[in-house]
Every structure is written in C-alpha cells, then in structure tokens.
Amino acid sequence: MSDAPQSTPASPRPAPAEGFPAAGNISDADREELRRHGILLTSLEELYNWGRSNSIWPLQFGLACCAIEMIAAATARFDIARFGAEIFRPSPRQADLMIVSGTVTKKMAPLVVRLWNQMPEPKYCIAMGACAISGGPFKQGYNVLKGIDRLIPVDIYIPGCPPRPEALLNGLIQLQKQIKGEKLTGPDAARHTRADLPSEYPIPAYGAHDLEPAKNPAVWTPPAPPSA
Amino acid sequence: MSCSDFNDLDAELTAFGHPGGSSVRAVHDQFHGDLLEVSMGPQHPSTHGVFRMVATLDGEQIVKLKPVFGYLHRNHEKIAENTTYLGSMPYTDRLDYLCSMSTNWAYALAVEKLSGQAVPDRAQYLRIIMAELTRLVNHACLVGFLFNDLGTSFTPLLYAFREREKIIDLFEALSGSRMMCNYQRFGGCRVDPTPEWLAAARTLVENFPRFLDEYERMLTGNEIMLARTQGIGRLDPAHAVNAGLTGPVLRASGVDYDLRKVDGYGFYPRFDFRVPLGAQGDTYDRYMLRILEMRESVKILVQAFRDLPGGPIMDPKAKLRSFRPKAGEAYGRLEGPKGELGFYLISDGTPNPYRYRVRPPSLINLTLLEEMCLGHTIADAVVILGSIDIVLGEVDR
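In this report, we go over the structure that sits alongside the text. Here the structure is a predicted model, which means the values were calculated and not measured. (Residues numbered from 1 in each chain as written. Chains lettered and ligands numbered in written order. Predicted model: local features only at pLDDT ≥ 70, side-chain atom pairs only at ≥ 80, totals over all residues. Heavy atoms only, no water.)

## Here we look at the interface of chain A and chain B
Taken together, the contact between chain A and chain B spans 35 residues of the former and 31 residues of the latter. With both sides pooled, the region where chain A packs onto chain B buries about 3000 Å², and carbon together with sulfur makes up 64% of that total. At the boundary of chain A and chain B, one finds five salt bridges. The shortest N-O distance in the salt bridge between R178 of chain B and E69 of chain A comes to 2.7 Å. At the boundary of chain A and chain B, one finds 15 residue pairs in polar contact (both at pLDDT 80 or more). Broken down by secondary-structure element, the contributors of at least two residues to the side of chain A that touches chain B are helix 3 (65-74) and helix 4 (109-118) of chain A. Class assignment of the residues belonging to the side of chain A that touches chain B gives a composition of 23 nonpolar, eight polar and four charged. (Contact = heavy atoms within 4.5 Å. Buried area = accessible area lost by both parts, 1.4 Å probe. Salt bridge = Lys/Arg side-chain N within 4 Å of Asp/Glu carboxyl O. Polar contact = N/O pair within 3.5 Å; in protein donor to acceptor, adjacent residues only side chain to side chain. Helix = DSSP H or I, 4+ residues; strand = E, 2+ residues; numbered from the N terminus. Nonpolar A, V, L, I, M, F, W, Y, C, P; charged D, E, K, R; others polar.)

## Some remarks on the pattern of salt bridges
Residues and elements named next belong to chain B. Taken as a whole and assessed by the stated rule, the structure comprises 42 salt bridges over all chains. Here R162 makes a salt bridge to E214, at a shortest N to O gap of 3.0 Å. Here the residue R162 occupies a position in helix 7 (residues 155-175), and E214 occupies one in helix 8 (residues 195-219), the gap between them amounting to 52 residues. Assessed through its relative accessible area of 35%, R162 is described here as partly exposed. A relative accessible area of 21% means that E214 is categorised as partly exposed. Overlapping salt bridges, with partners in common, bring together E132, R135, R251, D258, R260, E293 and E335 in one network. (Buried < 20%, exposed > 50% of the residue type's maximum accessible area, 1.4 Å probe, protein only.)

## As for helix 6 (residues 121-150) of chain B
Taking 1.5 Å per residue, 30 residues should reach 44 Å; helix 6 of chain B reaches 43 Å between its end C-alpha atoms and fits that length. Once helix 6 of chain B finishes, G151 of chain B follows within two positions and takes phi at roughly 110°, a positive value. (Expected span 1.5 Å × (residues − 1).)

## Some thoughts on the sheet that holds strand 7 (residues 339-347) of chain B
Residues and elements named next belong to chain B. Within the open sheet, the three strands sit side by side as 6-7-8. Their pairing is antiparallel. The sheet terminates laterally at strand 6 (328-336) and strand 8 (353-359), the two strands that pair on one side only. In this sheet, adjacent strand axes meet at a mean angle of 10° when their direction is disregarded. Two strands pair when backbone bridges link them, and strand 7 and strand 8 are joined in this way by six bridges, in the antiparallel orientation. By the bridge assignment, F343 is partnered in strand 8 with V358. Relative to strand 6, helix 5 (residues 100-115) is tilted by about 150°, and along the sheet it contacts strand 6, strand 7 and strand 8. (Pairing = 2+ DSSP bridges. Axes fitted to C-alpha atoms, helices over the stretch in contact; angles between N-to-C directions.)

## Thoughts on the packing of helix 13 (residues 283-307) of chain B against helix 16 (residues 378-388) of chain B
Residues and elements named next belong to chain B. Interhelical geometry of helix 13 versus helix 16 gives an angle of 30° and a closest axis separation of 9 Å. Classified by the angle between their axes, helix 13 and helix 16 sit roughly parallel to one another. Classified by chirality, the crossing of helix 16 by helix 13 is left-handed. Residues T283, R286 and R290 of helix 13 form the contact with helix 16, whose participating residues are V383, I384, S387 and I388. Residues belonging to the contact of helix 13 with helix 16 are distributed by class as follows: three nonpolar, two polar and two charged. (Parallel < 35°, antiparallel > 145°, perpendicular 65-115°, else oblique. Left-handed = near helix turned anticlockwise from the far one by under 90°.)

## Describing the nonpolar core
Among the nonpolar cores identified, the biggest contains 151 residues, and M98 of chain A together with L133, Y287 and L369 of chain B are the most heavily contacted of them. Per-element tally for this core: the top contributor is helix 6 of chain B, with 17 residues. Looking at this core, you find at least three residues from each of domain 1 (3-68) and domain 2 (76-359) of chain B. Setting aside residues no more than four positions away along its own chain, Y287 of chain B makes contact with V143, L146, F147, L219, T220 and M225 of chain B. (Core = buried A, V, L, I, M, F, W, Y, C linked by side-chain atoms within 4.5 Å. Domains from an automatic or database assignment.)

Shown next as structure tokens:
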C-alpha cells in the first residue's frame, strides 16, 4: 500500500444531461399520493444513501476512556443496532466509520492515520470526546495530539468527557442525516465521488520533538488570531 | 527452537520408544520452518485498548513475547506536577477509567497522609461503599471481556454491562457523571447520598448475588471455557512475589496478600470478609477469584449499609482552597480492583506537588505476561492477557 496521497489527475466530470429530472423533483405530496396507489418512487441516489446511512459499520477501535462508553452504546441498554451500526469490524478494510474514541497520543497518531488510509471509500470519521476534538484535559501534555482533525477530516464532533452513549447515538444520527443529504453527481457531489479529492492522507512520522508534519494543512488551518 | 527444547523432545520421544537423537532434529528441520513474528495491536479487538504484543511463534506456539506500550501515554504525572493538589483529582478519574471511585480514594489517601488530614466516620463508610461498588463494576466487566477474548463474542459482556449500568446510574445520581465521578476530597467526600439513594443501592447490592448465580450458571462449568482456561498461563507464587505482582493475579497464585487486610486502611478492619485464594495460578483461578471477590464485596457492602453512621461527610478543618501541605513526602495505597494502587507525593510547601508518581497495578502485573504465555498458543495469549486485567490509561498514564 502506498502511503502517498492519490495522484490521479483531476478529471472534470460530465454535467448531468439536460432534461433529465434530478433527484427529488417530485413533491412529497405527489410521492405520498403515488405511494397510496402502491407505487414507491425514489431516485437511485436516495435509495443508495438510504441503504448506506442505515448500515454504517464502525471500526472496532478503542483508544481510551471513551471506548468504554462506545462499548456501552453497543450493549442492550442503548443498543446501537437500532441504527444499523452494531457491526463493529476489527479490520479497517470492512469499516465505513472511524470513531476516534479517546486521547490520540503522538505515538498513536501515525497509526490512526494509517488505519484511516486503509479504510475504503466512502468513509466517515467521528471525533468522540474532548480529547479527540482538541486534546481535552490532556491538551497541555507533551505527548498528546491536540485534535485528530489536524491530520484527517472529521465529519462529526461529539463533545463530552466522556460523552454519554446517547450523545454517541445522536452523533450517529447526525452522520446519517449528512449521508442522506449527499449528492452523487454535480458540483456539490460527495467527497468520495470526486477523484480530485484525496482518499489517503500523509502519515506523520514520530519525530524527535513532534509529529513530522505536526498537521496536515489540507485539512486543518490554525484559527486566525483575534483582531486587535 | 532452542537446544534444550531439542533435548526435551528427544527425551520425550525416547520414552515412547522412538530412536530420538539426530533423527528428531532431521524431522524437525523437515517440518519446521522459520520462526514467525506476529505483531498484535495496537489496533486489535483483544488487546484491551492500545496495547501491542510482538509475539515470536514456532508454529502456533509462543517462544518469545514482547509487550510494547506507551500508545496512551498522556503525561498524567507531569500534568499533575503543574496543577494544584485538588486540580489533579479529576485526572485520577481518567487513570483507571473503569474504577474512578477507588482511584480517587487512593489519591485522597496519599494527600491526607501528607497533610495529616482526618476523615469523618460517615465519609470512611461512604468511601468503602464506593470502592466496593467499583470493584463489582470492574470485575463484572473484566469477566465479560475475558469471555470476549475466549470467543463468545459479546453475549456475556451484555449481561455484565447490564449490571454495570445499574451501578453506573447510582454513581451518576450521586456525583453527576457516569464514569468520571471525581467524588473523593481530602478529608471526606463531595456529596452526601440521600436516603433514597442508599435504599436503591442497598436493593442493588442485595440482588447482586442473583446476577452472580446466573452468570456462573452460564459460564463457570462451560466445557469450552474449562478447556481454554485450566492449566493455561500458570504462574507460580514465588515468581509472582518476586515481580511485585499484586491484586487478584497474585492471590490467584495462592499468596494471601490483600491490602484491605494487610494495611487495614480506612475502616476495613471493622468489616468481616474473607480473602479468596487460588491454588493453581492459572487463568481459570484468576477468573474464579474475581467471582468470589465479588461475593465478598457484596458482604462488605451489606455490612457498610447496615453500619453507616450519620454525621458530616467532610472534616470541618479540611481545606480545599489554597491548599498547601507542609514539605514532606507520603505514599498512599489501597487495594484497587486490579491490585495495589499507590500514589507517591513529594511536597515542597507550594500548591503543586514537587513530585507525583503513580504505582499502577496493571503495568506491574503485565511484567510477567511473557512468563505466563511461553509455550502456549497465540490464541491463549489473548485469554491470558484478558485474565490479567489491564487498563491502558493506567499502564501508560
């Protein structure tokens, strides 16, 4: 497996043919009327997103304290299976969703990025808990990465230390909404359909003083200093 | 395979009437390939977090095993040296994130020793109640995870987490947080439980043996479980003592060493309970010991609810703001669910500790992992690791 980002040249995608109705042109009332007559009308995009959003397989990957709450979300009381995401896959090759559940240390960060690169598209990332978002209570530590979004793109942030299992479920529902709204064609097509956007990210090295590079400028830029 | 292994094999085959000698070596060379190095983790469902084992295998047999850790080193000790004494209390929650209550207590013990702080009776009883409830959570979850490692994917864990949720709900009602309770203070506890809380906790504790019976009916006599755990990962007591092992791993080898009895910290000398001991020191004993310890914890809890006195929960002389203990050093320790959990503090009279050091039981219990795994298969290593009971937050700190 190459660690370099995809080097496929950006190819402009053909615009959708004129006169072909785009997805979702029929009003909800019309659709409901047809449904009462036994005709279920949908677009391929909607069907595809409906299926995808209801069977998100997370990577079975616990980092720290939040992982215990992630396991609790999978047990009978909270039952993540209600949302179709109970199949935790230990292999990144079979996973759709990476839940970064806990503190990412500088020793672990290269491995998290490598796992992300090994996951097939379409893939999503949830940063669960304060540590994964920003370093959390351990931010001042010399060995703690100050947020996983410095290295890989994050779709959903769940604050908390640790977040309750309900919060994780809420994050999952937000992700489902995001997936259901994704476009497969056109200028605002989803990330995974666009060949010009990378699927793999450079893996930082565990350097002498810090990660090298410490952040990926393609996904994260430092916030602007407050204007005087 | 080493030279002595060949000699053993020769002797064994000679006993069965086989010519042995050089022919064994020839057969070995024919059928045995090179040694294989397998790296398990840090992303592996059975390494209980971000732990990594580098195992060298001959066929499926482990001939060498190197634990690699540090993937969750989040500078607990260094951060605590730059924080006030009370400011590190929430960090101790995140040390052993399954047992925040008893980790809090260990830290409070060390600081109280340092500053000579007294603790009122009611707080002492509440601390014992919280510590024993934590032990129930930890051991129930551990047994669930152990069966995960044995291959019964998830079902026993569902039962364990059902009970955990009940206790966690109590912790949440009391402290406001499910896992990170931040409950103990220097000189007492933070919140006084209401009579309703105590009644709910008492009901839970009285029903807990029923859960244990149900659990044991399903698991203890299971034939696969017996085959996979009996005689696996045996640890002899002398070795365990030499390596400084503590807690259930040590007691499963038959060494009677429980700080609740030996050290008598808190009000434990007032309680009537037994310390279960193992005989073989194998994985089965380590499993069984946890079940028996849970039964003893229930006994302690029943006594604590019965004898819980009234009165304040904080010593009136306790100082929380601008807390500066005199210069000196102290080591506070207690019998955590995983073993001896200690905090060593040096004070130089400033609001921050000069040195803050944790003695993590799971890191020290891990040191004999290779000893226990040698000669067993790689699948057994996973089970042995599960029976040691590690939490990476504590191992790496």
